[in-house]
Amino acid sequence: MAFPVRSTYRLQLRGADSGSAFTFADAENVLDYLDELGVSHLYLSPILTAVSGSGHGYDVTDPTTVSPELGGAEGLARLSAAARARGMGLIVDIVPNHVGVDQPQQNPWWWDVLRHGRSSDYATFFDIDWDLDPQGRIVLPVLGSDDDAAALTVDGDLLRLGDLALPIAPGTGAGTGPEVHARQHYRLVGWRNGIVGYRRFFSITSLAGLRQEDRAVFDANHAEIARWFREELVDGVRIDHPDGLTDPSGYLAWLRELLGPTAWIVIEKILGVDEALELTLPIQGTTGYDVLREVGGVFVDPAGAPALTELVESAGVDYRGIPQLLADLKVAVATETLGSELGRLRRAVVAAAGMDHPQLPEAVAALLSHIEVYRSDYLGLSAVLPTALAETQAAQPELGPALQVLTAALAHGGEPAARLQQLCGAVTAKSVEDCLFYRDARLVSLNEVGGEPHRFGVGAAEFHQSAATRARLWPQAMTTLSTHDTKRGEDVRARIGVLSQVPSLWAEFVGRWEAETPSPDAATGQFLWQNIFGVWPLTGEVTDQLRDRLHGYAEKAIREAALHTSWNEPDSEFEDAVHGWLDAVLDGPVAGQLTELVAQLNPHAASDALGQKLLALTVPGIPDVYQGTELWDDSLVDPDNRRPIDYAARRAALGELQHPKLRVVTTALRLRRSHPETFSHGGYVPVLADGDASDHVLAFGRGADIVVAVTRWTVRLTETGWGNTILALPDGTWKDTLTGAVADGPTSAAQLFADLPVVLLERHHG
């Protein structure tokens, strides 16, 4: 029997070969702890067989089997049975868009296609560009350069080059390596050519796209997943990046039909800041990036925007020019990084429209720079593409004829329309999350998946309206603060967000630090200073682990920003300068000043961290607690946020119940368990404060028996105090489940928040 999903706890599973195993058996060993914490469901990272030693599981190599490294089908069955014995269930992350092909021998479907070409039983499973090569071979950009093909050698029925091993088609193995290579169903080329013979996940060559729009592919890919539901092992799934599919809506309709009406289905849909989720989708909602933006945003003080904008502009950044920068990035990504995909789209357009135009690639790239969503072919977004076409035409009238060719092709639907949408999502991801968000240094806590840094925080009115709408339309959607994809953990973002309250103080410190230990590039320095501050330990102790983590993060950040160095063209001189500067920060006088500033602002960071955690656990939706975040968490971007979790420390903390964040988490989760209807279907009503400091309170009621209130912008509040501020509680007597304090009627904020900056009130019955 399926258990209703009331809350989830995300576990990042890893096999023994990954270096830090966390398997089904390890998950089973923490079930008692998670049950006591108040969690209803374990939410597992992908569990199908992935590349050996995978640290994340998104590079699935065999979708028909449960990973033996994690414990196989038997381990999954044991974990499910142990969870159900406690009244708990399992949610599993599944990856329909792509599979891992970095180790071809580990992927039986891919291996068969490479060996047999179009005659393979799996030739239609992959989105292969059979027309790219004149001889109909699959172009594989896996060589350092084209010349490397001369070094291929024959080893039995394998073609080898270093660690690379590929199959030889039957009857074609005679002769030298290059001679045999010329007879294969694939052609190996240098990766710098910019051509790829199959649709990728974004620009990741090691992940090949699947054709889930083909029912045979869908059925083969989901047979094992369907078994989990048939045998009642699993209660729900999280769908990784459905926007990458040819037809997300059609895919989700098939999935709902396959898994049944009670399966909890949420999708990793990154909504534009003004985009509503398509109402016709047969799902419970998204994985909560939209809620993450809203919950974090209400703690950002809008008063800090001018000073922080001025600070970033002092580093030579034209902040008002960011929208144009983003448009230029999108064009560059479409024409360069994803040039192979753009070329394939062009061929599809020409075939459908019956004519070509020399400016067609330029027109498509320009058009994509005017689209602010991942894809625009959902029913509710039908006005997006015409609007983008109008804006493109107005900005570049000379592209009008090429745009007409494009729209002539789009009118036929089918391949051109689907490929345009798939390219749009990839362009958005690579230009925004994977580039701009590593350049924008005004307030980096806003640079989050689904975020919009140009909007400096979220107003209380917007927050309330969004929450009330979600209660009405998507009450079972996931809410979250941290994921395996977030750029910074929730507590790091909370601390950085405090800088919005003290912009002048921050500018003063940064000015001093740049004078004492100047960064190699002022704009890069502005970005990295905030991240260093965000994870700096309260003790000031610089451990080897902290040093390694910051060096790893800095290298990733400057390569993603692609201003002075990049993944494809690393500039060792600039990178060495950044690493040298970072060591000088860690070992020099700035370290002490960082410790001083962190100590000064930590009470405010902790207040905001507690506030946003309580909101995420109580607003409409199903809250997810990312592994370990029930205590303070200083994670940066992956793989930093997949570090092993110390559950012994968390068990001890749960037993003592003194840690403020853990107390908030377990109290809220247990309250959700005891008030299932309130949190599943109860309404959402803002509760307004009155008085001089009323703007420092955000409060709301859930159903008739729960009221939540949190404090914000505490730097200014410490100076003014609560004064005459009151919160008019709904009729009746209320008990704070966090402290035991009782209140009724209009209650002074000073009394309400005497012990903690947050309150979780339950209607008191004597």
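Residues numbered from 1 in each chain as written. Predicted model: local features only at pLDDT ≥ 70, side-chain atom pairs only at ≥ 80, totals over all residues. Heavy atoms only, no water.

Re the overall build of the protein chain
Let me state the cut-off plainly: Runs of E in the DSSP output that reach at least two residues are strands. Runs of H or I that reach at least four are helices, and both are numbered from the N terminus. Within these notes, the globule rule equals 2.2 Å times the number of residues to the 0.38 power, and the radius of gyration is based on C-alpha atoms. With a 1.4 Å probe rolled over the protein chains alone, any residue whose accessible area is under 20% of its type maximum counts as buried; one over 50% counts as exposed, and the rest are partly exposed. Residue contacts follow a heavy-atom distance rule, with two residues in contact if any of their heavy atoms lie within 4.5 Å. In this description, accessible areas are obtained by the Shrake-Rupley approach with a 1.4 Å probe, and a residue is regarded as covered only by the protein chains that are shown.
For the protein chain, the helix and strand inventory stands at 27 helices and 25 strands. Relative to the compact-globule value of 27 Å for 766 residues, the protein chain shows a C-alpha radius of gyration of 27 Å, a close match. Overall, the C-alpha framework of the protein chain stretches about 85 × 60 × 55 Å when taken along its three principal axes. Here the protein chain holds 766 residues, and 60% of them are scored as buried. Nonlocal contacts in the protein chain, meaning residues at least 24 apart in sequence, comprise 73% of its contacts between residues at least 6 apart. About 27,700 Å² of surface is accessible on the protein chain, with carbon and sulfur atoms providing 52% of the total.

Looking at the pairing of strand S22 (residues 706-711)
Here is the rule: We treat two strands as partners when DSSP finds at least two bridges between them.
Along S22, six of the six residues are buried, which leaves the element largely enclosed by surrounding structure. Going residue by residue along S22, you find Ile706, Val708 and Val710 tucked away on one face and Val707, Ala709 and Thr711 tucked away on the opposite face as well. With six bridges connecting them, strand S21 (residues 697-702) and S22 associate as antiparallel partners. What sits directly across from Phe700, in S22, is Val708. Between S21 and the antiparallel strand that follows it, S22, lie three residues; Gly703 among them carries a positive phi value of about 60 degrees. Where S22 meets strand S25 (residues 758-763), five bridges bridge the pair, whose relative direction is antiparallel. Looking at the pairing, Val707 lines up with Leu761 of S25.

Considerations on helix H15 (residues 414-433)
Since the α-helix advances by 3.6 residues per turn, residues separated by three or four positions end up pointing in the same direction. Rules: How far a helix is expected to stretch is found by multiplying one less than its residue total by 1.5 Å.
Taking 1.5 Å per residue, 20 residues should reach 28 Å; H15 reaches 29 Å between its end C-alpha atoms and fits that length. Most of H15 is tucked away, with 17 of its 20 residues classed as buried.

A short note on the pattern of salt bridges
For clarity, the cut-off: Salt bridges are identified by distance alone: a Lys or Arg side-chain nitrogen within 4 Å of an Asp or Glu carboxyl oxygen.
Applying the stated criterion across every chain, the model contains 52 salt bridges. For Asp377, the salt bridge goes to Arg375, with nearest N and O atoms at 2.8 Å. You can call Arg375 buried: its relative accessible area is 0%. Asp640 is the partner of Arg549 in a salt bridge, and the nearest nitrogen-oxygen pair spans 2.6 Å. Placement of the pair is Arg549 in helix H20 (residues 544-561) and Asp640 in the loop between strand S18 (622-626) and helix H23 (647-656), with a sequence separation of 91 residues. Comparing Arg549 with Asp640, the two get one shared label, buried. Salt bridges here are not isolated pairs; linked through shared partners, they connect Asp127, Asp129, Arg199, Arg344, Arg347, Glu415 and Arg419.

Describing the nonpolar core
Put simply, the rule reads: The nonpolar core is taken to be a set of buried Ala, Val, Leu, Ile, Met, Phe, Trp, Tyr and Cys residues, with the residues joined through side-chain atoms within 4.5 Å.
By size, the foremost hydrophobic cluster in this structure holds 125 residues, and its most contacted members are Leu37, Leu42, Leu44, Trp228 and Leu615. Looking at this core, the element that brings in the most residues is helix H12 (residues 360-368), giving seven residues. Each residue touching Leu615, except ones within four places of it in the same chain, is listed here: Val295, Val298, Phe299, Phe463, Leu698, Phe700, Val708 and Val710. Tyr438, Val492, Ile496 and Ala605 belong to the second-largest nonpolar core, a separate cluster that totals 56 residues.

Some points on the packing of aromatic side chains
Two aromatic rings are characterised by how far apart their centres lie and by the angle between their planes. Put simply, the rule is: Each aromatic pair joins two rings of Phe, Tyr and Trp (for Trp, the six-membered one) with centres within 6.5 Å, and gets the label stacked for planes under 30 degrees apart, edge-to-face for over 60, and tilted for any other angle. Sitting over a ring, as applied to charges here, requires NZ of Lys or CZ of Arg to be within 6 Å of the ring centre and within 35 degrees of the ring normal.
As enumerated under the stated definition, the model contains 19 aromatic pairs in all. Ring plane angle 50 degrees and centroid distance 5.4 Å describe the contact between Trp506 and Phe533, whose orientation is recorded as tilted. In this pair, Trp506 sits in helix H18 (residues 503-516) while Phe533 sits in helix H19 (residues 522-535), placing the two residues 27 residues apart along the sequence. Residue classification places Trp506 among the buried positions, given a relative accessible area of 1%. By relative accessible area, which is 0% here, Phe533 ends up buried. By the ring-pair criterion, three or more aromatic residues cluster together here, those being Trp506, Phe509, Trp513, Trp529, Phe533 and Trp581. We note Arg10 situated over the ring of Tyr43; from NZ or CZ to the ring centre the distance is 4.6 Å.

As for the UniProt feature "domain: Glycosyl hydrolase family 13 catalytic" (unreviewed entry) in the protein chain
Put simply, the rule reads: UniProt positions are given in the numbering used here, feature names are shortened, and annotations may be inferred rather than shown by experiment.
Under the feature "domain: Glycosyl hydrolase family 13 catalytic" (unreviewed entry), the UniProt entry names residues 20-672. Overall, residues 20-672 shows 47% helix and 11% strand. The separation of its end C-alpha atoms is 33 Å.

Focus on the environment of Arg344
Assignment of secondary structure puts Arg344 in helix H11 (residues 339-353). Judged by relative accessible area, Arg344 falls into the buried class, the value being 11%. Separated by 213 residues in the primary sequence, Arg344 and Asp131 have C-alpha atoms spaced 9.0 Å apart. Here Arg344 is in contact with Asp127, Ile128, Asp129, Tyr198, Arg199 and Arg419, once residues within four sequence places are set aside.

Quick notes on the pairing of S21
Where burial is concerned, most of S21 is hidden: six out of the six residues are buried. Across the two faces of S21 the burial is the same, with Val697, Ala699 and Gly701 and Leu698, Phe700 and Arg702 all buried.

Re the sheet that holds strand S13 (residues 204-209)
One open sheet holds the three strands; their spatial order is S6-S13-S12, and the pairing between them is antiparallel. A single partner strand is all that each edge strand has here, and the edge strands are strand S6 (98-100) and strand S12 (200-201). Across two bridges, the pairing between S12 and S13 is antiparallel. Bridging across to S13, Arg200 finds its partner in Ala208.

A few points about the state of the cysteines
So the rule is basically this: Disulfide assignment relies on a single distance test, namely cysteine sulfur atoms paired within 2.5 Å.
All told, the structure shown has zero disulfides when counted by the stated rule. For the unlinked cysteine Cys424, the closest cysteine sulfur is that of Cys435, found at 17 Å.

What about unusual backbone geometry?
Put simply, Asp638 and Pro639 share a cis peptide bond, and its omega is 5 degrees. Residue placement: Pro639 occurs in the loop between S18 and H23. Positive phi, normally seen in glycine, also occurs at His241, with a value near 40 degrees. One can find His241 in the loop between strand S14 (236-239) and helix H7 (248-259). You can call His241 buried: its relative accessible area is 7%. Its identity as a non-glycine residue notwithstanding, Ala562 has a phi of 55 degrees, on the positive side. In this structure, Ala562 sits in the loop between H20 and helix H21 (572-587).

Section: the side chain of Ser120
Along the polypeptide, Ser120 turns up in the loop between helix H4 (108-116) and strand S7 (138-143). Residues contacting Ser120, with those up to four places away along its chain left out, are Asp112 and Val113.

So, H7
With 12 residues, H7 ought to run about 16 Å at 1.5 Å a step, and its terminal C-alpha atoms sit 16 Å apart, in line with that. All buried positions along H7 are accounted for by Pro248, Gly250, Tyr251, Leu252, Leu255, Arg256 and Leu259. Where H7 ends, the next residue or the one after it, Gly260, has phi of about 100 degrees, a positive value.

Concerning the environment of Gly55
Mapped onto the elements of the fold, Gly55 is located in the loop between strand S3 (48-50) and strand S4 (60-66). Taking the C-alpha atoms as reference points, Gly55 and Gly19, 36 residues apart in sequence, are found 8.4 Å from one another.

Quick notes on the sheet that holds strand S8 (residues 153-155)
Selection rule: Under this scheme, a helix contributes an axis fitted over its contacting stretch, all axes are lines through C-alpha atoms, and angles between N-to-C directions fall in the 0 to 180 degree range.
Taken in spatial order, the three strands of this open sheet run S8-S9-S10, and their pairing is antiparallel. Every other strand in the sheet has two partners, leaving S8 and strand S10 (164-167) as the edge strands with one partner each. Neighbouring strand axes in the sheet, compared pairwise and without regard to direction, differ in orientation by 35 degrees on average. When strand S9 (residues 158-161) meets S10, the two strands line up antiparallel, connected through four bridges. Paired with Leu158 across the bridge in S10 is Pro167.

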